[in-house]
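# Analysis of the macromolecular model
Listed below, chain by chain, are the residues.
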Amino acid sequence: MKEIKETPPPGKLVVVNGHLMQVYTEGTGDTAIVFMSGGGTSAPTLDFKPLWSELLDQYQIAVIEKAGYGWSDIADVSRDIDVILEESRTSLEKSGIASPYVLAAHSMSGIEAIRWAQKYPEEVTAIIGLDPAIPGSYENMVLPNIFTQNLAVFAARTGLLRFIPDVANSSAAIQSGYLSAEEVDTYQALFYRRTLTSNMQEEVKQIKENAKKVNNDPVPFETPMYFFISDGEEIDVPNWQEILFSYTEDLIYGKHLTLDAGHYIHAWEPERIGKEIDQFLKQLN
């Protein structure tokens, strides 16, 4: 099994708030699409590869790896949503990626993208929601119980997960066929080293408070948004689809598309989503 130290980070490591963050960039288009991973995604750069590889012909892409994710440091930093936002903005600035951005946000980072549009609307051209969470998603969400979470953390820290290879191999990114054999090995190494890190756990602890903070400020009605919505079967939230439908329908320019796919929708339907994103962004010009 390959270890992370054997694989240099494919992107740029920048110092942000006293710790290293990786930002992976590729492409030379005039529009920058910034990918923001869902909570607990061990290898964001590889996780998003099926979709970002569909967009490289016309767009510059950037993948932010927050503290505790991918090749970024595990760091003793607050996971208040405004701290996360400022770290994301700084990481892009230090990587030479200028705003405005199209924010492509998966799952939990949906509220981070909305917060970005609330605080810095001039920096956000549009939000692409990849089965995204919005503040209302967390009102009835049941968070993992402490025993279950601690058991998973123990398995990750002691290396027991290595004896259950099907857990890593079942990821949508690996199943998509977009990763090379070497990238699959790297993904597995990152999975075993970046599962339920302290930063990820802290995000879960603060998610409802972060959602309330976003909910207390006005919805960024003028920011165009296109949500790609899964079948909802992997989400422990009643009326997942309806909550997202309602949010986009209240926007000045909001769209949604439901796909018969799982929560990591960008890995299951990358070609379809890539084409839809391209058409959507062209309509904004």
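Since this is a predicted model, take the numbers as computed values, not measurements. (Residues numbered from 1 in each chain as written. Predicted model: local features only at pLDDT ≥ 70, side-chain atom pairs only at ≥ 80, totals over all residues. Heavy atoms only, no water.)

## Topic: the side chain of glutamate 183
Counting through the fold element by element, glutamate 183 comes out in helix H8 (residues 181-193). Separated by 2.9 Å, the side chains of glutamate 183 and lysine 49 make a polar contact. Excluding anything up to four places from it in sequence, glutamate 183 contacts Leu46, Lys49 and Tyr178. (Helix = DSSP H or I, 4+ residues; strand = E, 2+ residues; numbered from the N terminus. Polar contact = N/O pair within 3.5 Å; in protein donor to acceptor, adjacent residues only side chain to side chain. Contact = heavy atoms within 4.5 Å.)

## Structural notes on the nonpolar core
One broad rule of soluble globular proteins: the nonpolar side chains tend to lie buried together. Ranked by internal contacts, the top residues of the largest apolar core, which has 43 residues, are Val34, Leu92, Tyr101, Leu103, Trp116, Ile127 and Tyr138. Tallying contributions element by element places helix H4 (residues 109-119) first for this core, with 5 residues. Leaving out residues up to four positions away in the same chain, leucine 103 has contacts with Val34, Met36, Ala113, Trp116, Val124, Ala126, Ile127 and Ile128. Listed in part, the 25 residues of the second largest apolar core include Phe48, Trp52, Phe228 and Ile265. (Core = buried A, V, L, I, M, F, W, Y, C linked by side-chain atoms within 4.5 Å. Buried < 20%, exposed > 50% of the residue type's maximum accessible area, 1.4 Å probe, protein only.)

## Here we look at helix H3 (residues 81-94)
Helix length check: H3, at 14 residues, gives a terminal C-alpha distance of 20 Å against a target of 20 Å (1.5 Å per residue), a fit within 8%. Restricting attention to buried positions, one finds in H3 the residues Ile81, Asp82, Ile84, Leu85, Glu87, Ser88, Ser91 and Leu92. For H3, the capping residue at the N-terminal end is aspartate 80, with a side-chain oxygen 2.9 Å from the backbone nitrogen of aspartate 82. Where H3 ends, the next residue or the one after it, glycine 96, has phi of about 80°, a positive value. (Expected span 1.5 Å × (residues − 1).)

## Observations concerning the sheet that holds strand E5 (residues 101-106)
As summarised here, the arrangement of the 8 strands in space is E1-E2-E4-E3-E5-E6-E7-E8, forming an open sheet in which the pairing is mixed. Since the sheet does not close on itself, it has two edges, and those belong to strand E1 (12-16) and strand E8 (254-258), each with one partner. Taking the axes of each pair of neighbouring strands and ignoring which way they run, one obtains an average angle of 20° across the sheet. Examined bridge by bridge, strand E2 (residues 19-26) and strand E4 (residues 60-65) share 5 bridges and lie antiparallel to one another. Following the sheet pairing, threonine 25 is matched in E4 by alanine 62. Relative to the sheet, H3 contacts E1, E2, strand E3 (32-36), E4 and E5, its axis offset from that of E1 by approximately 130°. Strands in contact with H4 are E3, E4, E5 and strand E6 (124-130); relative to E5, the strand with the most contacts, it is inclined by about 155°. (Pairing = 2+ DSSP bridges. Axes fitted to C-alpha atoms, helices over the stretch in contact; angles between N-to-C directions.)

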